[in-house]
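Report on the structure
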Amino acid sequence: MPGRRGEQARQAALRACGEDGLGAERGANLLRKLALLPGGACQASPAPRCPQRSPAVRSGKAPGAARAGDEELGAHCARLAVGFMMLTVMFLAAFTLTTVNSQETEETITYTQCTDGYEWDPVRQRCKDIDECEIVPDACKGGMKCVNHYGGYLCLPRTAQIIVNNGREDTAAESTGGRNNVIRRTPADPHRPPPNPTHQIQCATGYEQSEQNVCQDINECDANNPCAQQCYNILGSFICQCNPGFELSSDRINCEDIDECRTSSYICQYQCVNEPGKFSCICPEGYQVVGARTCQDINECETTNECREDEMCWNYHGGFRCYPRNPCQEPYVLTSENRCVCPVSNAICRELPYSIVYKYMSIRSDRTVPSDIFQIQATTIYPNTINTFRIKSGNENGEFYLRQTSAISAMLVLVKSLSGPREHIVDLEMLTVNSLNYRTSSVLRLTIIVGPYSF
């Protein structure tokens, strides 16, 4: 370090100049040594010398003024030595930095490491590709041929033809390597027509000779679409596919309609109609198609009511019927909607039910059994009375059963399946007896309309 070395030199010079006798000479010799340049060359300018002490001063017999003057000359010599020493240290430091920078520049210029597969070309001063096929003995095994590539090499069948573009744009020439059957081609001028093939080559089925004299795939779908519906080109061939609702025939070219109606009997709720490429579901009269496959009843009483003014329209599954608004027959009279009463004042009414109520209901054909279908209940409750229920008429074949559920109600149960279209009229009677042995009855005349279908 320059600071530490300068201080050491200054102290040595002072000690040399302050010694007895030969102090001045020793200081001068020390300054000469420190002034040497690298490589042993001496500095051209003479080194400063310390003045000689007088004999009186050396012997200690000189007067005080002489000794003081001699000491002042010694101090002056020391200052000269220190200044000269500092200049020498600064010169050495500048010379060392210049030498280090020069070495670093030379190392950057001579860096010659290349990526794997390349080697340094000292003539062109750049990395060049290594031809492994030339220097690696038997690089490819199993009869494969070696094809050199940038940074490596390829092992390919000997019948393979490789086209390599060298990236030049000035020519369109081709060079063929006979050893590996490699064609190295430069891109041709885009405004120049491509060269015509010089000879015919044999291509496999589905390929044709191109203008570059190589085999290329034939797009059969564009040239002459052989498929009946959809054509998809693949390398060397093509495949045919059909639209939804069709399937390929045995020749794999034509398409045949799929009869979806034959695949399942449950595809439609009522009836399936096959069409080319599709199918549709239809419903019988009185129904409409819902959700493309199911059938829903049409309420004709809301859409096309054809009943007269004195009739009421009753819709059922698959149709409708018109019933008289006043169903009462002599001697009964209409008291409220669908309710007929036989007056007590009429002697004939003593042997007849006091009231008849008309009700209507619709059920689907072939309904599962047993099934609760209708509930009858007393509308007026009298104290100290007993109510009993029975099927008075309309159950000759035993299709129904009446089950009493409470003291004032009963449930009509279907115990045999009914097929429609059909109409059943069932009279349900409620007998009422009190503690005074008073007896009366009421009838609910239920009209059951069975639809033609199970939906």
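Structural notes, computed from the coordinates. (Residues numbered from 1 in each chain as written. Predicted model: local features only at pLDDT ≥ 70, side-chain atom pairs only at ≥ 80, totals over all residues. Heavy atoms only, no water.)

On to the packing of aromatic side chains, then. Going through the model one piece at a time under the given rule, you end up with 7 aromatic pairs. Here the aromatic rings of tyrosine 270 and tyrosine 453 are separated by 5.4 Å at their centres, their planes lie at 75 degrees, and the arrangement is edge-to-face. Linking tyrosine 270 in the loop between helix H7 (260-263) and strand S14 (271-275) with tyrosine 453 in the segment after strand S28 (439-450), this pair joins segments that are 183 residues apart in sequence. On the basis of relative accessibility, which here comes to 34%, the residue tyrosine 270 falls in the partly exposed class. Look at tyrosine 453 and you get partly exposed, because its relative accessible area is 26%. Measuring from ring centre to ring centre gives 6.2 Å for tyrosine 270 and phenylalanine 455, while their planes differ by 70 degrees; the resulting arrangement is edge-to-face. With tyrosine 270 in the loop between H7 and S14 and phenylalanine 455 in the segment after S28, this pair connects stretches of sequence that are 185 residues apart. Judged by its relative accessible area of 12%, phenylalanine 455 is buried. An aromatic cluster is defined as three or more aromatic residues linked by ring pairs; in this entry it consists of Tyr270, Tyr287, Tyr453 and Phe455. (Phe/Tyr/Trp six-rings, centres within 6.5 Å; stacked < 30°, edge-to-face > 60°. Helix = DSSP H or I, 4+ residues; strand = E, 2+ residues; numbered from the N terminus. Buried < 20%, exposed > 50% of the residue type's maximum accessible area, 1.4 Å probe, protein only.)

Counting 20 residues, the largest nonpolar core has Ile373, Phe374, Phe400, Leu412, Leu428 and Ile448 as its most contacted members. Broken down by secondary-structure element, the contributors of at least two residues to this core are strand S22 (355-363), strand S23 (371-377), strand S25 (400-404), strand S26 (409-414), strand S27 (422-434) and S28. With 4 residues, S28 is the single largest residue contributor to this core. Excluding its chain neighbours within four sequence positions, the residues that come into contact with phenylalanine 374 are Lys359, Met361, Ala410, Met411, Leu412, Leu428, Leu444 and Leu446. Cys328, Tyr332, Cys349 and Val443 belong to the second-largest nonpolar core, a separate cluster that totals 13 residues. (Core = buried A, V, L, I, M, F, W, Y, C linked by side-chain atoms within 4.5 Å. Contact = heavy atoms within 4.5 Å.)

What follows covers the state of the cysteines. Considering all chains together, one arrives at 14 disulfides under this definition. Here cysteine 342 pairs with cysteine 349 through a disulfide, and the sulfurs are 1.6 Å apart. Sign of the S-S torsion, about -80 degrees for the bond between cysteine 342 and cysteine 349, identifies this disulfide as left-handed. Of the two residues, cysteine 342 and cysteine 349, neither departs from the other in class, the shared state being buried. (Disulfide = S-S within 2.5 Å.)

One open sheet holds the 6 strands; their spatial order is S20-S21-S22-S28-S27-S24, and the pairing between them is mixed. The sheet is open, and its two edges are formed by strand S20 (333-336) and strand S24 (385-393), each paired on a single side. Here the strands of the sheet are splayed against their neighbours by 30 degrees on average, with no regard to which way each runs. (Pairing = 2+ DSSP bridges. Axes fitted to C-alpha atoms, helices over the stretch in contact; angles between N-to-C directions.)

Empty pockets left among the atoms are what a rolling probe the size of a water molecule brings to light. Taken as a whole, the largest pocket holds about 1000 Å³ of empty space. Taken together, 42 residues make up the lining of the largest pocket; nearest its centre are Tyr354, Thr432, Thr440, Ser441 and Ser442. At 7 residues, S27 tops the list of elements feeding residues into the lining of the largest pocket. Counted by class, the lining of the largest pocket contains 22 nonpolar, 12 polar and 8 charged residues. (1 Å grid on protein atoms, 1.4 Å probe; cavity = no way out; pocket = protein on both sides within 12 Å on 5 of 7 lines; lining within 4 Å. Points joined across faces, edges and corners; volume = space filled by probe spheres on them. Nonpolar A, V, L, I, M, F, W, Y, C, P; charged D, E, K, R; others polar.)

Turning our attention to the pattern of salt bridges. Considering all chains together, one arrives at 11 salt bridges under this definition. Here arginine 403 makes a salt bridge to aspartate 372, at a shortest N to O gap of 3.5 Å. Of this pair, arginine 403 sits in strand S25 while aspartate 372 sits in strand S23, and the two are 31 residues apart along the sequence. We classify arginine 403 as partly exposed; its relative accessible area is 32%. Residue arginine 390 is joined to glutamate 429 by a salt bridge in which the shortest nitrogen-to-oxygen separation is 2.5 Å. Note that arginine 390 is positioned in strand S24 and glutamate 429 in strand S27, a separation of 39 residues in sequence. By relative accessible area, which is 41% here, arginine 390 ends up partly exposed. Salt bridges linked by common partners bring Arg308, Asp310 and Glu311 together as one network. (Salt bridge = Lys/Arg side-chain N within 4 Å of Asp/Glu carboxyl O.)

In this section: the environment of glycine 143. By the secondary structure assignment, glycine 143 is in the loop between helix H5 (132-135) and strand S3 (145-149). Distance in space between the C-alpha atoms of glycine 143 and cysteine 155 is 9.4 Å, their sequence separation being 12 residues.

On to the sheet that holds S26. Strands sit in the order S23-S26-S25 across an open sheet of 3 strands; the sheet is antiparallel. A single partner strand is all that each edge strand has here, and the edge strands are S23 and S25. Averaged over all neighbouring strand pairs, the angle between strand axes comes to 25 degrees, with direction disregarded.

Take histidine 317: it is sitting in the loop between strand S18 (311-316) and strand S19 (319-324). Not counting the four nearest positions on each side in its chain, histidine 317 is found in contact with Tyr287, Asp297, Ser362, Ile363, Arg364, Gly451, Pro452 and Phe455.

Two faces make up the sheet, and in a regular strand the side chains alternate between them. Here 5 bridges tie strand S10 (residues 230-234) to strand S11 (residues 237-241), and the two strands are oriented antiparallel to one another. Bridging from a neighbouring strand, tyrosine 232 pairs with isoleucine 239 of S11. Taken together, S10 and the strand that follows it, S11, pair antiparallel across an intervening segment of 2 residues, in which glycine 236 is found at a positive phi of about 80 degrees.

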